[in-house]
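# Topology and contacts: notes
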Amino acid sequence: MPGGTRPAGETGAEDIFLGRDDFLAVARERLAAGSVLLHGPVGIGRSSVLAALLGNPGDALVLRSSPDSEERRIPFLVLADLLEGLPARLFDELPEPQRHAVEHAVRRRGSGDRLDSLALRWGVLSLLRSASARRPVLLVLDDAQWADDASVTVLSFAAARLRPPAVRMLVAERVDEPDEPARGSLCTRPAGLLAVPPLTSAATAELVAYHGQLAPDAPATLNACRLAAGNPLFAVELARGLADCGPAGDPLEIPPRLSRIVSEQLRGLSRETRELLLVAALSRRPDLDLLVHFGRWDAATALAQPAARRIVRLGVSGEVRFRHPLLAAGLRAQASPERVREVHSRLAASVSDPLERARHRACAVEGHDERTAAMLIRAAAVARRQGALARAAELGALAAERTPPDAPARLAGRRLRAAGDALDAGRHEFATALAHTVLRSSSAPRQHRVRAQLVIVDAVRNARNAVDGVVGKALAQARGDSALEGAARYRFGVHSALGGDFRQAVAQLADAVVLARDARDVRTEVPALCSLALCQIALGDRTADRTLNIARVIAPEDLVVTHDGPAWVTARLDLFADRLRPAAELLGRLLDRAAERGTLSEVIGMNWAAVEVWVAQGECGNALRRANECLRLAEATDSDLALACYGAALAEAYGGNPALADAVARRGVARAERDGDCSFLLRNLHAQGLAALGLGDATTALEPLRRAVRLERQMGVADPAVFGVQPDIAEPLVACGHLAEAAEVLGGARAGAVRLRRRGVLAALDRAEGLLHLTLRNYDRAEEALRAAVEAHDRLCQPLQYGRSLLALGIAERRRKRRGAARAALLRAQGVFVECGAPVWARRASTLLGDAPAPGVAPVTMLTGWEWRIARLVTEGASNPEVAGKLDISVKTVEGALTRIYRKLDVRSRTQLSARLRESPARPPSPRPGAGIPRFER
């Protein structure tokens, strides 16, 4: 988000487009083929999307109208707006009856005659046909819901008889649920009816943080994100207008502009229906049974009325859901505090869920009450045992709100307990808000203040730059208390490792282990030992196994299964030691446990490691599916995005679309750089290089892989299996003729792999060394090394690496003119890749064989990352100079790339290219927001 300020009430275009690139691409594609009707509720950004689609109209004649609500009763106003942009000579060319009718309708000349409606319709149709004969015509109608009926009738007549691309329509209509678009008749066929989607949770949070006059971690900011529900206008208004409030409470006041919108939507409700909806608004999961128990036996009939249906929807099982959270908040805000407490009191006697009963009883109490707070603490403990961590956090925060302020230690402790539940539930902003509330209290004890700082550190996960200085401050304040200092040094060590300083991390983590042991704090000692073992592995220290064994012995059951616990580190060691099956089984169990407990951060934290194992086992389909689910989850929570991008990019590089892998990896690189996370910066660079390698583009692969190797050396990594980048860079170095550099990389990596007995790495190095000897024409040594690589990968059950080694062996056999042996090796490689679900690598084998593509391999996968991006921009309507400007390359480069793209895809025009990309099964998906996200409690 760019810096600077905007006038109050203004929502910038960048606000509208946060996270909507896929939708804009689809809309541009639809508009290029025909007409588009954009629809959605107020504030969703229809007009801004419409303006973006008009950003590059080409040579089209744009005729535009934007009526408002006061102009709806003026007949033919929209028609007059649109026809005003036509040359006068077109009117003069009309037959007299048609010209007279058109001029009468749009008041170009006064007339007292009766309007000939048929002549008017044919006149408008003739005008548009004449205009489109000279150049394409684009009719643009914004706020179509306010278009006058007379204009709609005439334009619908014309639209039914016109065909794109000569005449196209771009219409934006406000449509509130449960209504459907009513202006579809204004569009020529084919017409695309596109609902403008809400922003993702992460984009909404970014928007609120930018526009908010409150601190980003303030409780009201959380309310703003929740209430906006992806609506950019609502997000901006809430960010600017919400007053601060308690972490578990609702906003005290809805901003005036939104209050007017809500009041307008609630205006048609009867008093009885409004009371009924207030009950639903104060309930956590309202349904018809609850409303009947509350005393409204006619609830179903009342909620089926048109006015109520605009506010709530009824599910098939009787559940009552508000169409937007702001409507429920409006009902609560408009009710008096006494009435709200009365309803809560009655609901406490009506609900059967004991946790919900406790919440209602607490909300029925005014002010502070220790008995109520103690009841909520017990309810939170029950929710925690049930795995409902988000509910436990909410109940715990409400308990803190009810705790009398004369017990500051108890109050701070309850807030920190709720913050811990929020962290486990993946609600990091909520946890941060609770921690800051503790820090703002001058009466909170020192130990609680330090714990609050550690919660803030834990909430940012790998984004170490977001809490620059907080870890050091916590460490300084913790001096003299072994438990606090041990916990602070553990975080300091982890952040040192993320920053790439493994030696400092080892020193800090070792101190943390000693301090935690002195304080008998096993909950700090175990993760510190596990993190220490991982750092020792990276540095090539063989004592890592002994360190991990200590953690295994002392770890309680609940710590064994966390992503920083002994089981997860054991799975990592199994992967490095080429024990793939036990690693996969262990990670599978850990992921299942994390899903059962509802800990989102654990799922994301473990998933990327599981993807590495699944890819190594050749289970590309499973890896791709789970990695994309994890990426959607990380996007929805704005948590651990660099980790999720790496997993998705790695899976796409082998089992999906390398162009998409490149894009996702670049996104991961940018996020890791912003977070200051060197480990996942390196991994995403590696994935970016692998995407290019899959397409056989060694030149493109070199830059990210070289950067990854430099970073690995700066970090002092001695175990080549930890990141696995050195064997992969050797191959493009050889292919590009950098033989001395390749030999240096191979020699350094082999020394570490031999010392640490990394058999898989040694096999990959054998493959790269074989290609090096092949380039030097040492054919016997090349064949010896390549056959050793094939045998080792086969023995280690690493099918993808086995296939890559067979591919290299086939190339070597062809160089030696052994056609039969070469074909046999390449056929085996092709079969392995197809079985693993690696279409790009299967296509490489098919190309070398000179055969048709392997089954399930799309021609579009032959495009490199640059070629894919150029192809997408071209099919979106960009000219060659525009593509060059967007990608910062020359026009000549674009022209050369287009020539290669046309040849690879066997097309001869931009239209054929667009059709080929649409039909390709490897086309990057445009998922719905939240699609594929596991159903964890939020």
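Keep in mind that what you see is a predicted model, and the values were worked out from it rather than measured. (Residues numbered from 1 in each chain as written. Predicted model: local features only at pLDDT ≥ 70, side-chain atom pairs only at ≥ 80, totals over all residues. Heavy atoms only, no water.)

## Some points on the overall build of the protein
Operational definition: Helix numbers and strand numbers start at the N terminus; a helix is a DSSP run of H or I with at least 4 residues, a strand a run of E with at least 2. Think of it in three bands: with a 1.4 Å probe and only protein chains considered, a residue is buried below 20% of the maximum accessible area for its type, exposed above 50%, and partly exposed in between. Exposure was quantified through the Shrake-Rupley algorithm and a 1.4 Å probe, taking into account, for residues, occlusion by the shown protein chains and nothing else.
Tallying secondary structure elements over the protein gives 49 helices and seven strands in all. By the burial criterion, 56% of the 938 residues in the protein qualify as buried. Accessible surface, the protein: about 39,200 Å² in total, of which carbon and sulfur atoms supply 50%.

## Section: empty space enclosed by the protein
The cut-off we apply is this: The distinction between a cavity and a pocket rests on a 1 Å grid over the protein atoms alone: a 1.4 Å probe fits inside a cavity but cannot get out, while a pocket stays open yet meets protein on both sides within 12 Å along at least five of seven lines, and a residue with an atom within 4 Å of a point counts as lining. Grid points are joined across faces, edges and corners, and a volume is the space filled by probe spheres set on the points. Any residue outside Ala, Val, Leu, Ile, Met, Phe, Trp, Tyr, Cys, Pro, Asp, Glu, Lys and Arg is labelled polar, Gly included; the first ten of those are nonpolar and the last four are charged.
Considering all chains together, one arrives at four cavities of 30 Å³ or more under this definition. What the largest cavity holds in volume is close to 570 Å³. Lining the largest cavity are 31 residues, with Ala616, Ala721, Phe723, Gly724 and Gln801 sitting closest to its centre. Of all the elements in the fold, those that place two or more residues in the lining of the largest cavity are helix H31 (566-576), helix H33 (600-616), helix H35 (641-655), helix H37 (678-694), helix H39 (725-735), helix H41 (759-775) and helix H43 (799-815). Looking at the lining of the largest cavity, its residues break down into 18 nonpolar, six polar and seven charged.

## Describing a nonpolar patch on the surface
So the rule is basically this: Two joining distances apply to patches: 9 Å for like charges and 5 Å for nonpolar side chains (Val, Leu, Ile, Met, Phe, Trp, Tyr), and every residue must have over 30% relative accessible area and no salt bridge. Salt bridges are identified by distance alone: a Lys or Arg side-chain nitrogen within 4 Å of an Asp or Glu carboxyl oxygen.
Together, Ile550, Val553 and Ile554 make up an exposed nonpolar region whose accessible area comes to about 260 Å². Inspection of the secondary structure assignment puts Ile554 in helix H29 (residues 544-554).

## Overview of the packing of helix H20 (residues 370-385) against helix H22 (residues 408-424)
Put simply, the rule reads: Simply put, an axis is a line fit to the C-alpha atoms, just over the touching stretch for a helix, and the angle between two N-to-C directions goes from 0 to 180 degrees. Roughly parallel means an angle under 35 degrees; roughly antiparallel means over 145; roughly perpendicular covers 65 to 115; every other angle is labelled oblique. Rotating anticlockwise by less than a right angle from the far helix to the near helix defines a left-handed crossing, while the corresponding clockwise rotation defines a right-handed one. We call two residues contacting when some pair of their heavy atoms lies within 4.5 Å.
Two elements in contact, H20 and H22, have axes whose closest approach is 12 Å; the angle formed by their N-to-C orientations is 25°. Here H22 runs roughly parallel to H20, going by the angle between their axes. With respect to the hand of their crossing, H20 and H22 are arranged in left-handed fashion. Facing Glu370, Ala373, Ile377 and Arg384 of H20, the residues of H22 in contact are Arg410, Arg414, Arg417 and Asp421. Class assignment of the residues belonging to the contact of H20 with H22 gives a composition of two nonpolar, no polar and six charged.

## Some words on the confidence of the model for the protein
This is how the line gets drawn: As a per-residue quantity, pLDDT reports the predictor's confidence and falls between 0 and 100.
Per-residue pLDDT for the protein has a mean of 84; in total, 88% of the residues score no lower than 70. Looking over the protein, one finds the lowest element-wise mean pLDDT in helix H1 (residues 13-17), namely 49, and the highest in helix H27 (residues 502-518), namely 94. Contacts for the low-pLDDT stretch residues 243-252, under 50 throughout, to residues beyond four places or in other chains number 29 contacts.

## A few points about helix H18 (residues 337-348)
Given 3.6 residues to a turn, an α-helix orients residues that are three or four positions apart in the same direction. Worth spelling out the cut-off: A helix is expected to span 1.5 Å multiplied by its residue count minus one. Relevant arc is that of directions from the helix axis to the C-beta atoms, nothing else.
Under the 1.5 Å per step criterion, the end-to-end length of H18 is 17 Å for 12 residues, consistent within 8% with the ideal 16 Å. Within the span of H18, buried status applies to Val340, Val343, His344, Leu347 and Ala348. One side of H18 carries all its buried residues, which in axial view fall inside an arc of 140°.

## Looking at unusual backbone geometry
Cis geometry is adopted by the peptide bond preceding Pro165, which originates at Pro164 and carries an omega value of 5°. Inspection of the secondary structure puts Pro165 in the loop between helix H8 (149-159) and strand E4 (167-174). The omega angle of the peptide bond from Glu177 to Pro178 is 5°, so this bond is cis rather than trans. Phi is positive for Arg757, which is not a glycine, with a value near 60°. Tracing the chain through its elements places Arg757 in the loop between helix H40 (739-756) and H41. Assessed through its relative accessible area of 69%, Arg757 is described here as exposed. A positive phi is found at Lys817, a non-glycine position, where the angle reads about 65°.

## Some details on the packing of aromatic side chains
The condition that has to hold: Classification of ring pairs uses Phe, Tyr and Trp, with its six-membered ring standing for Trp, and accepts pairs whose centres are within 6.5 Å; under 30 degrees between planes counts as stacked, over 60 as edge-to-face, and the remaining range as tilted. Definition used: whenever NZ (Lys) or CZ (Arg) falls within 6 Å of the ring centre and also within 35 degrees of the ring normal, the charge is taken to sit over that ring.
Taken as a whole and assessed by the stated rule, the structure comprises seven aromatic pairs. Ring geometry for Tyr646 versus Phe680: centroids 6.2 Å apart, planes at 70°, classification edge-to-face. Taken as a pair, Tyr646 in helix H35 and Phe680 in helix H37 lie far apart in primary sequence, 34 residues in all. Among the residues examined, Tyr646 registers a relative accessible area of 5% and is labelled buried. With centroids separated by 5.8 Å and ring planes inclined at 40°, the aromatic side chains of Phe833 and Trp841 adopt a geometry described as tilted. In terms of burial, Phe833 and Trp841 fall into one category: buried. Among the aromatic residues, those joined into a ring-pair cluster are Trp568, Trp608, Tyr646 and Phe680. Over the ring of Phe157 we find Arg161, and its NZ or CZ is 3.8 Å from the ring centre. Above the plane of the ring of Phe680 lies Arg683, whose end atom (NZ or CZ) is 4.8 Å from the centre.

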